[in-house]
Amino acid sequence: MAAPYQVNSAVAQRQLLRRFWRDARRFWTERWAGIAWSLSIFLVLLVLAQLLVQYLLNIWTRNFFDAIALRDAPALWTQAQAFIVLASLSTILAASSVWGRMTAQRKWREAVTRLVIEHWLAKDRFRQLNYLASGCDNPEFRISEDLRVATDSPVDLVLAFLSSVLTAITFFSILWEVGGTLTLAAFGRTWSIPGYLVVAVTIYSSLFSAMMALIGHRLTAIIERKNQAEAEFRAAADLLHLDAAPEADGNSGGRRALWLAVHRVLRRWRDLCWQLVGTTVVSHANFLLAPVVAWLLCVPKYLAGTMSLGELTQVAAAFVTVQSAFNWLVDNYGRLADWRSSVHRLARLLMAIDALDGAPESAAFLPAADRAGDDRTPAEAASGLRTRSTGIAST
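Quick caveat, the model's predicted, so the values are computed rather than measured.

Considerations on the nonpolar core
Ranked by internal contacts, the top residues of the largest apolar core, which has 36 residues, are Phe20 and Leu129. Elements supplying a minimum of two residues to this core: helix H1 (10-24), helix H2 (33-70), helix H3 (73-121), helix H5 (139-179) and helix H10 (328-356). Considering each element in turn, this core owes the most residues, 10 residues, to H10.

Written out as structure tokens, the structure is:
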């Protein structure tokens, strides 16, 4: 079986992303544009509405715990009623968000799937491609599963990123105003740190984001190799019946290729396991530490009497909220890597199809071994018209 083509350079990755986006953006520019823009605006409005409710719940937290500290029963009853309203709004918005996101994902997937399948079937291109030779084996999986991931993940990732940015900006004001200035006496001097909670959450979030980036920097490549190994495994199983001359002992070349593919898949999953162990340590430690760090930072002002119990709980909740917003990368590192891997695999198929029409920039994405010293046209290279060492003839 031909060695899979690997995307090793940043230039190659950008080219693949551009090739995917060339078809994907047509959801907003062609016959689906009305639905696409309506859903996009609806989802942005939902993000803003959810942020408003989250902000009101943060203020509710302060009022509720201040009422507890004062043992004010009427105020507690008022806050209980307010919570029912806010909780109901939050639930309705959350359900609406699920509907909006999944509808946008489904419509976008439908649009891109139609474009890719039409491109693949036109002029019998699906019969002309030598999938193994062009490094785009198992096209059915790429069109179904990789395309699904390529269109599902961006909707979730972009909305989460937008929400994180707006949340950080909004709750920074709470940390700055309610947290105020921390005054410390040390080394014979009095030190004042204005907006100390803003400084603390920035340092804390930057530290954990850097740790995640350091530990998980290989995650994208590992996921891509794992997905490629899975595709090779399926391709080896599909091609086993093409081995028309099995050896006497039944150990045909096709069977050897199948078992090699099995071992390769297991090795890739082992690599992914260890990578996820490292990133899980960081993310879980962050999950446990963030609220504790927030409380500890607020305790000095609470003990000094410059911060009420309600304010302590409010800024502690705001600290965790801002920290979660800052850690968008930490929370989505794995999914971002999986999305890039799927986009690369789908774009390789599209560029192999493009090469049949004579696109030189697409022919450059054929495996290096197939291009070296090759005087064929891009279409000939993509379809594998010359006799190949793999023993699999092009259709």
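A short note on a nonpolar patch on the surface
The grouping of Leu184, Phe187, Trp191, Ile193, Val199 and Ile203 at the surface amounts to a nonpolar patch, some 620 Å² of accessible area in total. Contributing elements (two or more residues each) for the nonpolar patch: strand S2 (189-194) and helix H6 (196-215). In this fold, Ile203 is placed in helix H6.

Some remarks on unusual backbone geometry
Unlike most non-glycine residues, Lys123 shows phi in positive territory, near 55°. Mapped onto the fold, Lys123 is located in the loop between H3 and helix H4 (125-128). The exposed category is assigned to Lys123, whose relative accessible area is 64%. Even without glycine at this site, Asp124 takes up a positive phi of about 55°. Note that Asp124 resides in the loop between H3 and H4.

A closer look at the pattern of salt bridges
In total, this model carries 13 salt bridges according to the counting rule given. Two residues, Arg148 and Asp152, come together in a salt bridge whose shortest N-O distance is 3.4 Å. Taken together, the residues span about one helical turn, with Arg148 and Asp152 both in helix H5 at a distance of four residues. With relative accessibility at 15%, the residue Asp152 sits in the buried group. Notably, a salt bridge pairs Asp156 with Arg335, separated by 2.7 Å at the nearest N-O pair. In this pair, Asp156 is assigned in helix H5 and Arg335 in helix H10, connecting sequence segments 179 residues apart. Taking the relative accessible area as the measure of exposure, Arg335 reaches 34% and is therefore partly exposed.

Thoughts on H2
For H2, which comprises 38 residues, the first-to-last C-alpha distance of 56 Å matches the rise-based estimate of 56 Å (1.5 Å per residue) to within 8%. Among all positions of H2, only Ala33, Ala36, Leu39, Leu43, Leu46, Val47, Leu51, Val53, Asn58, Trp60, Thr61 and Ala67 are buried. On its buried face, H2 sits against H3, H5 and helix H9 (309-326). Count one or two residues on from H2 and you reach Arg71, which has phi positive near 55°.

Regarding the side chain of Ser209
As for its position among the elements, Ser209 is in helix H6. Dropping the residues within four chain positions of it, Ser209 is found in contact with Phe326, Asn327 and Val330.

As for the packing of aromatic side chains
Applying the stated criterion across every chain yields a total of 13 aromatic pairs. With a centroid separation of 5.0 Å and 75° between ring planes, the pair formed by Phe27 and Trp28 is classed as edge-to-face. The exposure class assigned to Phe27 is buried, which follows from its relative accessible area of 3%. Here Trp28 falls in the partly exposed class, since its relative accessible area comes to 21%.

As for the packing of H2 against H3
Contact pair H2 / H3: the axes reach a minimum separation of 9 Å and the direction vectors enclose 160°. Of the possible angle classes, the one that applies to H2 and H3 is roughly antiparallel. In the crossing of H2 with H3, the sense of the turn from one axis to the other is left-handed. Its residues placed into classes, the contact of H2 with H3 shows 24 nonpolar, eight polar and two charged.

Cut-offs and rules
- Residues numbered from 1 in each chain as written.
- Predicted model: local features only at pLDDT ≥ 70, side-chain atom pairs only at ≥ 80, totals over all residues.
- Heavy atoms only, no water.
- Core = buried A, V, L, I, M, F, W, Y, C linked by side-chain atoms within 4.5 Å.
- Buried < 20%, exposed > 50% of the residue type's maximum accessible area, 1.4 Å probe, protein only.
- Helix = DSSP H or I, 4+ residues; strand = E, 2+ residues; numbered from the N terminus.
- Patch = residues over 30% accessible without salt bridge, like charges linked within 9 Å, V, L, I, M, F, W, Y side chains within 5 Å.
- Areas by Shrake-Rupley, 256 points an atom, 1.4 Å probe, with all protein chains shown as cover.
- Salt bridge = Lys/Arg side-chain N within 4 Å of Asp/Glu carboxyl O.
- Expected span 1.5 Å × (residues − 1).
- Contact = heavy atoms within 4.5 Å.
- Phe/Tyr/Trp six-rings, centres within 6.5 Å; stacked < 30°, edge-to-face > 60°.
- Axes fitted to C-alpha atoms, helices over the stretch in contact; angles between N-to-C directions.
- Parallel < 35°, antiparallel > 145°, perpendicular 65-115°, else oblique.
- Left-handed = near helix turned anticlockwise from the far one by under 90°.
- Nonpolar A, V, L, I, M, F, W, Y, C, P; charged D, E, K, R; others polar.

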